[in-house]
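# An overview of the molecular structure
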Amino acid sequence: MTRFCGVTAAETAAALGYPAGLTRRAGTCAAAVLLHARGWTTTDTPPAVQHPDDDECVAALVPDGPDAPASALVWSERHGWRTAPSRRHPLGRGAAWPPPGPGVRHLATGTTPDPADLVNALESSG
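Residues numbered from 1 in each chain as written. Predicted model: local features only at pLDDT ≥ 70, side-chain atom pairs only at ≥ 80, totals over all residues. Heavy atoms only, no water.

Mean pLDDT over the protein chain works out to 75, with 63% of the residues at or above the 70 mark. Within the protein chain, the element-level pLDDT minimum falls on strand β1 (residues 3-4), averaging 46, and the maximum on strand β6 (residues 80-84), averaging 87. (pLDDT = per-residue confidence, 0-100. Helix = DSSP H or I, 4+ residues; strand = E, 2+ residues; numbered from the N terminus.)

Written out as structure tokens, the structure reads:
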């Protein structure tokens, strides 16, 4: 977990009274910033968080840089991060969590994986 001034972002959010859902969504935005910094995406707009069928939050990032290590990345509040084979429909039907297979690699798990873990997983398995 990345620490700034001796505390993590999650610890700071908890100390300030932010709901856990907002803390998890902030991790998605942090990952988008890291992808932009790596040159894997040219946009610095954070991804839109969606609620497909239930209370679970999901988001999709579509890297558009020339050296992007995946067609698309999907974040699920319940499962963590994975790659997606489709830029056009990265969440898939019903936003179900697919098993690993062609174009699908599970990268960083847990409700609040460190964005740096995502980048490291992408670099090591790209």
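In this section: the pattern of salt bridges. Inspection of every chain in the model, using the stated rule, returns one salt bridge. A salt bridge links Glu 123 to Arg 38; the shortest N-O distance between them is 2.9 Å. Here Glu 123, found in helix α3 (residues 115-125), pairs with Arg 38, found in the loop between α2 (20-37) and β3 (49-50); they are 85 residues apart in sequence, far enough to count as distant. Judged by relative accessible area, Glu 123 falls into the partly exposed class, the value being 45%. (Salt bridge = Lys/Arg side-chain N within 4 Å of Asp/Glu carboxyl O. Buried < 20%, exposed > 50% of the residue type's maximum accessible area, 1.4 Å probe, protein only.)

Moving on to the environment of Ala 84. Checked against the element boundaries, Ala 84 lands in strand β6. As for Ala 84 and Leu 73, which are separated by eleven residues in sequence, their C-alpha atoms are 5.7 Å apart. The contacts of Ala 84, once residues within four sequence positions are left out, are Ser 71, Ala 72, Val 74, Pro 90 and Gly 103. (Contact = heavy atoms within 4.5 Å.)

Our focus in this paragraph is the nonpolar core. Ranked by size, the top nonpolar core spans 17 residues in total, and within it Leu 35, Leu 61, Leu 73, Trp 81, Leu 107, Leu 118 and Leu 122 carry the most contacts. Put simply, the parts of the chain that give this core at least two residues each are α2, β4 (58-61), β5 (72-76), β7 (106-109) and α3. The element that contributes the greatest number of residues to this core is α3, accounting for four residues. Here Leu 118 is in contact with Ala 31, Trp 81, Leu 107 and Ala 108, once residues within four sequence places are set aside. Among the nonpolar cores identified, the runner-up in size contains five residues, and Val 58, Val 74, Ala 84 and Leu 91 belong to it. (Core = buried A, V, L, I, M, F, W, Y, C linked by side-chain atoms within 4.5 Å.)

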